[in-house]
Amino acid sequence: MQEASRIARKLSALVDMGLERADVSPVTTETIRVDRKTYRVASSRPAMGTLVAVSAVGPSQVRVEEAIGRAFEEMDRLIGIFSRFEASSGVSYLNDQGQLDGAPPEFSDLILRSLDYHEMSRGAFDISVAPIVDLFRERLESVAPREPSRAEIVEALELVGAENITVTRRKVSFGKSGMGITLDGIAKGYIVDAIARVLEMYGVKRYLINAGGDIRAAGKKEKKQPWTVAVKD
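Residues numbered from 1 in each chain as written. Predicted model: local features only at pLDDT ≥ 70, side-chain atom pairs only at ≥ 80, totals over all residues. Heavy atoms only, no water.

A. Highlighting the pattern of salt bridges. Under the definition given, this model contains 15 salt bridges. A salt bridge links D134 to R84; the shortest N-O distance between them is 2.8 Å. With a gap of 50 residues between them, D134 in helix 5 (residues 130–140) and R84 in the loop between helix 2 (61–82) and helix 3 (90–97) connect regions that are remote in the sequence. Here the residues in one salt-bridge network are E138, R139, R146 and E152, joined through shared partners. (Salt bridge = Lys/Arg side-chain N within 4 Å of Asp/Glu carboxyl O. Helix = DSSP H or I, 4+ residues; strand = E, 2+ residues; numbered from the N terminus.)

Next comes the structure, spelled out in C-alpha cells:
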C-alpha cells in the first residue's frame, strides 16, 4: 500500500490543475496615456481556471485595444478545442469516442508536440493520464473523500501510455478502449503563444501576457523600462 500512497501524493495535486471552462465574464480594461505618443492598455478576464491578463504598449490606443480583443477571441476559440470541460471540444469528443476524424489542425499539432515531449522526457510528460486524474478527482471530491485504492490506481494505469495514441494530419485515435487525454499541462502555454501571435499580427510588439503563471513578454513597457516578472517562493 506504500506504493499506492506514494503515487497518490504525486498525483492528487493534478486534481487542482486544469484547462477549465472559459468564464464569460466581461473583459476588464484600463488604458493609460503615458505621453503624447504612447498608450498602455491592460486587460484581464477569467479563463482557463485562472485570470488571463494582457498589458500592451503602443502609439494607438484603438489599435492596441483591438489587438487585445482579437487575442482574447483567439483564446476562446482554442479553449473550445482543447478543454476537456467543454462538451463540444475536440478533446471531449476524442475521449468519448476514442477517435477524432477531421481534427482541427491546431489539435493535431498540439497532440504531436505532446508526443514529442513525451519522448524527450522519457515518458515523464504524458497527456494520456486523464484516467488517473479523473480517478483522483472523483474520489477526492466525493461525499466521503478518500484516496483511490491500490487496485483502482493499477487499473487506471493500464489505460495510460502516450505510445498508444496515433496521430495523422486529420485524425487522432486511441489504441486502447477507455483511454483519455488531458491537455492541461501544455494547452495553456500554447494558447499564450497564440495570444502573442495575434498581438504581433496587429502590430503590437511590446506586451506582457500572464495566464496564471504561464508568461510571455516582448519589448519593453512604457518609458523603456523592462517588464517585471516575480516568482513567488
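B. Molecular detail of helix 4 (residues 105–120). In this model, helix 4 (16 residues) spans 23 Å end to end at C-alpha, consistent with the 22 Å of a helix rising 1.5 Å per residue. Every buried residue of helix 4 is listed here: E106, F107, S108, L110, I111, S114, L115 and H118. Close packing links the buried residues of helix 4 with helix 2, helix 3, strand 4 (99–101), strand 5 (165–167), strand 6 (171–174) and helix 7 (187–201). Phi turns positive, to about 55 degrees, at R122, one or two residues after helix 4. (Expected span 1.5 Å × (residues − 1). Buried < 20%, exposed > 50% of the residue type's maximum accessible area, 1.4 Å probe, protein only. Contact = heavy atoms within 4.5 Å.)

C. Here's a closer look at the sheet that holds strand 6. Read across the open sheet, the three strands follow the order 4-6-5; overall the sheet is antiparallel. Edge strands, defined here as strands with exactly one partner in the open sheet, are strand 4 and strand 5. Averaged over all adjacent pairs, the angle separating strand axes in this sheet is 10 degrees, with direction ignored. Pairing analysis gives three bridges linking strand 4 to strand 6, with the strands arranged antiparallel. Paired with D101 across the two strands is K171, which belongs to strand 6. Across the sheet, helix 4 is in contact with strand 4, strand 5 and strand 6; its angle to strand 5 comes to roughly 130 degrees. (Pairing = 2+ DSSP bridges. Axes fitted to C-alpha atoms, helices over the stretch in contact; angles between N-to-C directions.)

D. Representation of the packing of helix 5 against helix 6 (residues 150–157). Two elements in contact, helix 5 and helix 6, have axes whose closest approach is 8 Å; the angle formed by their N-to-C orientations is 150 degrees. Judged by the angle between their axes, helix 5 and helix 6 are roughly antiparallel. Crossing hand, helix 5 versus helix 6: right-handed. Seen from helix 5, the contacting residues are P131, I132, L135, F136 and R139; seen from helix 6, they are E152, I153, A156 and L157. Split into classes, the residues belonging to the contact of helix 5 with helix 6 amount to seven nonpolar, no polar and two charged. (Parallel < 35°, antiparallel > 145°, perpendicular 65-115°, else oblique. Left-handed = near helix turned anticlockwise from the far one by under 90°. Nonpolar A, V, L, I, M, F, W, Y, C, P; charged D, E, K, R; others polar.)

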